[in-house]
Amino acid sequence: AQKITQTQPGMFVQEKEAVTLDCTYDTSDQSYGLFWYKQPSSGEMIFLIYQGSYDEQNATEGRYSLNFQKARKSANLVISASQLGDSAMYFCAMRELLSGANNLFFGTGTRLTVIP
Amino acid sequence: SQTIHQWPATLVQPVGSPLSLECTVEGTSNPNLYWYRQAAGRGLQLLFYSVGIGQISSEVPQNLSASRPQDRQFILSSKKLLLSDSGFYLCAWSPANSYNEQFFGPGTRLTVL
């Protein structure tokens with residue numbers, strides 16, 4: 001089974017609007033971490049936000065927030081006030097802290113396009 | 001501050017030729033180091049990781065190998081490239097004993113013809 005599932009190959013959002021990128025995960029570990037990375041056309045992977053499985057509050061970093069719903073095993077990324085520079089591929093990833101602390105499992109990504 | 005370098009940035013190689021990609025990290029000691037491959041339109045796949053000099057763990061069996069001759073140097077190699085080795089190769093590091101984010105290098109785009 002896929003560890004990370006991103007069901008939206010592409011998303012469009014109007015500039016200054018908010019957008020939610022979906023991510024669901026599959027693990028039997030009790031301790032895990034969830035990550036979102038941004039990959040612009042240049043190819044570099046830019047870390048955006050992290051959520052630990054025991055964190056009770058949703059993580060926030062500036063315009064990025066992670067909507068963590070543990071029972072549903074979802075970790076959606078919310079980008080508020082979209083900017084043209086937000087256009088990029090976005091990857092959700094997970095690390096299982098007990099069974100595979102050195103492995104990040106990545107989803108297939110969502111391509112976000114911000115429309116002016 | 002820490003920085004991670006990869007070279008070359010792009011590479012075009014014929015099938016059957018050897019490969020050597022280099023990754024170096026500055027500004028930290030004893031980092032965990034990782035090699036990932038990203039096929040076109042896909043997510044990242046972990047190839048190798050290392051927790052110290054000479055310590056290499058392979059996640060996916062293939063014709064690639066990795067070495068860590070120095071604390072902050074990680075090398076990805078192949079004796080004979082295959083067409084399927086084409087892709088975007090990313091090196092990453094994380095602090096020792098850290099289970100949080102990994103920091104990625106700029107990547108090497110490899111095309112095997």
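Refer to the structure printed above.
Residues numbered from 1 in each chain as written. Chains lettered and ligands numbered in written order. Predicted model: local features only at pLDDT ≥ 70, side-chain atom pairs only at ≥ 80, totals over all residues. Heavy atoms only, no water.

A. Up close: the overall build of chain A. Along chain A, the regular secondary structure elements total zero helices and twelve strands. The helix and strand sequence of chain A, counted from the amino end, reads β-β-β-β-β-β-β-β-β-β-β-β. Overall, chain A is about 45 × 30 × 20 Å in size when its C-alpha atoms are taken along their principal axes. For chain A, with 116 residues in total, the buried portion stands at 50%. Total accessible area on chain A stands at roughly 5,500 Å², and carbon and sulfur atoms take up 48% of it. For chain A, the centre of its 9 positive side-chain charges and the centre of its 11 negative side-chain charges are spaced 2 Å apart. (Helix = DSSP H or I, 4+ residues; strand = E, 2+ residues; numbered from the N terminus. Buried < 20%, exposed > 50% of the residue type's maximum accessible area, 1.4 Å probe, protein only. Areas by Shrake-Rupley, 256 points an atom, 1.4 Å probe, with all protein chains shown as cover. Lys, Arg positive; Asp, Glu negative; His and termini not counted. Charge placed at Lys NZ, Arg CZ, Asp CG, Glu CD.)

B. Representation of the interface of chain B and chain A. Listed by partner, the interface residues are 22 residues for chain B and 19 residues for chain A. Summed over both partners, the interface of chain B with chain A buries about 1,600 Å², with 55% contributed by carbon and sulfur atoms. Taken together, chain B and chain A are joined by zero salt bridges. Taken together, the links from chain B to chain A amount to two residue pairs in polar contact (both at pLDDT 80 or more). Those elements that place two or more of their residues in the side of chain B that touches chain A are β4 (32-38), β5 (44-52) and β9 (87-94) of chain B. Each residue belonging to the side of chain B that touches chain A can be placed in one class, and the counts come to eleven nonpolar, eight polar and three charged. (Contact = heavy atoms within 4.5 Å. Buried area = accessible area lost by both parts, 1.4 Å probe. Salt bridge = Lys/Arg side-chain N within 4 Å of Asp/Glu carboxyl O. Polar contact = N/O pair within 3.5 Å; in protein donor to acceptor, adjacent residues only side chain to side chain. Nonpolar A, V, L, I, M, F, W, Y, C, P; charged D, E, K, R; others polar.)

C. Molecular detail of the pattern of salt bridges. Residues and elements named next belong to chain B. The full count for this structure, using the stated rule, is four salt bridges over all chains. Close ionic contact of D85 with R37 constitutes a salt bridge, the shortest N to O distance being 3.6 Å. In this pair, D85 is assigned in the loop between β8 (73-78) and β9 and R37 in strand β4, connecting sequence segments 48 residues apart. Of the residues examined, D85 reaches a relative accessible area of 2% and is grouped as buried.

D. Here's a closer look at the sheet that holds strand β1 (residues 3-7) of chain B. All names here are of chain B. Ordered by their spatial adjacency, four strands build an open sheet running β1-β3-β8-β7, and the pairing between neighbours is antiparallel. Of all the strands in the sheet, the pair left with one neighbour each is β1 and β7 (64-70). The average undirected angle you get between the axes of adjacent strands in this sheet is 20 degrees. Of the pairings in the sheet, the one linking β7 to β8 comprises five bridges and is antiparallel in character. (Pairing = 2+ DSSP bridges. Axes fitted to C-alpha atoms, helices over the stretch in contact; angles between N-to-C directions.)

E. Representation of the packing of aromatic side chains. All names here are of chain A. Scanning all chains against the criterion turns up 13 aromatic pairs over all chains. A centroid spacing of 5.8 Å and a plane angle of 45 degrees characterise the contact between Y37 and F106, whose relative ring orientation is tilted. Of this pair, Y37 sits in strand β5 (residues 32-39) while F106 is found in strand β11 (residues 104-106), placing the two residues 69 residues apart along the sequence. Relative accessible area serves as the criterion here: at 10%, F106 is assigned to the buried category. If you follow K3 out to its NZ or CZ, it ends over the ring of F105, 5.3 Å from the centre. The side chain of R63 reaches across the aromatic face of Y64, ending 5.8 Å from its centre. (Phe/Tyr/Trp six-rings, centres within 6.5 Å; stacked < 30°, edge-to-face > 60°. Lys NZ or Arg CZ within 6 Å of the ring centre and 35° of its normal.)

F. Expanded view of the pairing of β9(B). All names here are of chain B. Counting buried positions along β9 yields eight of eight residues, so the element is predominantly enclosed. Sheet topology places β4 next to β9; seven bridges connect them, and they run antiparallel. If you follow Y34 over to β9, its bridge partner there is A92. Pairing between β9 and strand β11 (residues 108-112): three bridges, direction antiparallel. Bridge pairing in β11 places Y89 opposite T108.

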